[in-house]
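Per-entry structural report
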Amino acid sequence: MAPAPSFRGHQWTYNPVQGSCLLLLLVMSNLLLCQGILCPSLCPEGDDICRTALMDLFTHAAKLTSDIYNHSVQMFNEFDLQYAQNKSYYINASNECHTNYLYIPAEREHIRRMNNKGLISWILMLLYSWQKPLYQLVTELRSVKEVSVTTLSNARENVKKAKELQTIIERPFRQVISTARKKMRNARIYWYGGRLLSSHEDRRHSAFYKLFHCMRRDTHKLDTYTKFLACRQLYNNC
C-alpha cells in the first residue's frame, strides 16, 4: 500500500476536536487569501489553549483524509487482485476519470504557490465530485458481486469520513462553496455510473476498475491538499 503523503516529516496524530475549535474555524475564515509564511499567526503568542485546539483541528482533518485514501487503496487493490489481473483495464484508466476536466494540479510546486482559498476550493471540489459515486457504491451497487463485504465497508467509511471532513471545511469557509460549485458546473463535471450495472462482464469490470483507480488517485490528491494546508497553518514553512 502506498503511504499517504506527509510534509517535512511532521507526524499527524489524532485527538478529538474540542468545542474551542469551532471558534478557531471562525477566525480561520479571515485567512483565506493568506500565502504561506505571509499569513499572520492564527493564535496569539503564548496562547497554548488556542494552539492545542488548532493542532487538534488540523490533525483531525489530516487523519480523515489519510483514512479516506487508505480505504480507497484497499478497494482498488482488492478489485485489481480479483478481477483485473492479466486484463487491460488499466489502459487509459486515468484518462477517463470523471474529475479530469477540473485539471486538479498534482505537482508540489504548483500546490505550494496556491493561496489558502485555492487549496480549500480544490478540497471542496474533490469532496463534491465523489459524493454521487460513493453514494451509488453503497446503495445501488451493494449487492453486485464485484462489491465485496470489505469493499462495501470501506466505501461506507469513506462516505462517513468525507461528510465529516466536508463539515469541517464548509463551516468556516462558506464563501468558497459557491466558487467551488461554479467551477464544477463550468467544467461540466458529472457522474455516470450506468456501466457499473452492465450485464456485460468485461464492460462492468472495466467500469469498476476505472472507478476504484480514479477514486484512489483523487483521494490521494485530497490527502495531499489537506495536509499541505494543515502544515502551512501549523508550521508556516511547508
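Calculation criteria
Residue positions are given per chain, counting from 1 as you read along its sequence in written order. Whole-chain, interface and lining totals are the exception, using all residues; otherwise, since this is a predicted model, local features are given only for residues with pLDDT of at least 70 and side-chain atom pairs are given and counted only at 80 or more. In computing side-chain values, all of the structure's heavy atoms are included and hydrogens and water are not. Elements are defined by DSSP. Helices are runs of H or I of four residues or more, strands are runs of E of two residues or more, and each kind is numbered from the N terminus. Any pair of residues with heavy atoms lying within 4.5 Å of one another is described as a contacting pair. Method for areas: the Shrake-Rupley scheme with a 1.4 Å probe, in which residue coverage is limited to the protein chains shown. Only protein chains enter the area calculation, which uses a 1.4 Å probe; residues under 20% of their type maximum are buried, those over 50% are exposed, and those in between are partly exposed. Think of a nonpolar core as a cluster: buried Ala, Val, Leu, Ile, Met, Phe, Trp, Tyr and Cys residues, connected wherever their side-chain atoms sit within 4.5 Å. Where helices are involved, their axes are fitted lines through C-alpha atoms of the stretch in contact, as for all axes, and angles between N-to-C directions lie from 0 to 180°. Put simply, angles under 35 degrees are roughly parallel, angles over 145 are roughly antiparallel, angles from 65 to 115 are roughly perpendicular, and the rest are oblique. For any pair of crossing helices, the crossing counts as left-handed if the nearer helix is rotated counterclockwise from the farther one by less than a right angle, and right-handed if it is rotated clockwise. Residues are grouped as follows: nonpolar covers Ala, Val, Leu, Ile, Met, Phe, Trp, Tyr, Cys and Pro; charged covers Asp, Glu, Lys and Arg; every other residue, Gly included, is treated as polar.

1. Observations concerning the overall build of the chain
Across its full length, the chain carries eight helices and zero strands. From first element to last, N terminus to C terminus, the chain shows the α and β order α-α-α-α-α-α-α-α. Of the contacts formed within the chain by residues at least 6 apart in sequence, a portion of 86% connects residues at least 24 apart. Summing over all exposed atoms, the chain offers an accessible surface of approximately 12400 Å²; the carbon and sulfur share of this is 51%.

2. Comments concerning the environment of leucine 229
Mapped onto the fold, leucine 229 is located in helix H8 (residues 201–235). Under the relative-accessibility criterion, leucine 229 is labelled buried at 5%. When the C-alpha atoms of leucine 229 and isoleucine 123 are compared, they prove to be 9.9 Å apart, with 106 residues separating the residues in sequence.

3. A short note on the nonpolar core
One finds Leu102, Leu124 and Tyr225 to be the most contacted residues of the largest nonpolar core, which totals 38 residues. Where this core is concerned, the elements lending two or more residues are helix H2 (48–83), helix H4 (116–129), helix H6 (149–170), helix H7 (174–186) and H8. Per-element accounting of this core gives the leading share, nine residues, to H4. For leucine 102, the contacting residues outside a window of four places in its chain are Trp122, Met125, Ser129, Lys183, Met184, Ala187 and Ile189. Counting 26 residues, the second-largest nonpolar core is a separate cluster that includes Ala93, Ala155, Leu196 and Phe208.

4. Concerning the packing of H4 against H6
Taken N-terminus to C-terminus, the directions of H4 and H6 make an angle of 150°; their axes are 10 Å apart at the nearest point. Put simply, H4 runs roughly antiparallel to H6. Along this stretch, H4 crosses H6, giving a crossing that reads as left-handed. Here Ile120, Ile123, Leu124, Leu127 and Tyr128 of H4 lie close against H6, whose contacting residues are Ala162, Leu165, Gln166, Ile169 and Glu170. In terms of residue class, the contact of H4 with H6 is made up of eight nonpolar, one polar and one charged.

5. Digging into the side chain of histidine 71
Of note, histidine 71 is situated in helix H2. The exposure class of histidine 71 is buried, given its relative accessible area of 14%. Discounting residues that sit within four places of it in the chain, histidine 71 has contacts with Asn154, Glu157, Asn158 and Lys161.

6. Some remarks on the packing of H4 against H8
Look at H4 against H8: their axes get within 10 Å of each other, and the N-to-C directions meet at 150°. The orientation of H4 with respect to H8, classified from their angle, is roughly antiparallel. Handedness of the H4/H8 crossing: left-handed. Contact residues: H4 offers Asn116, Leu119, Ile120, Trp122, Ile123, Leu126 and Leu127, while H8 offers Asp218, Lys221, Leu222, Tyr225, Thr226, Phe228, Leu229, Arg232 and Gln233. Looking at the contact of H4 with H8, its residues break down into ten nonpolar, three polar and three charged.

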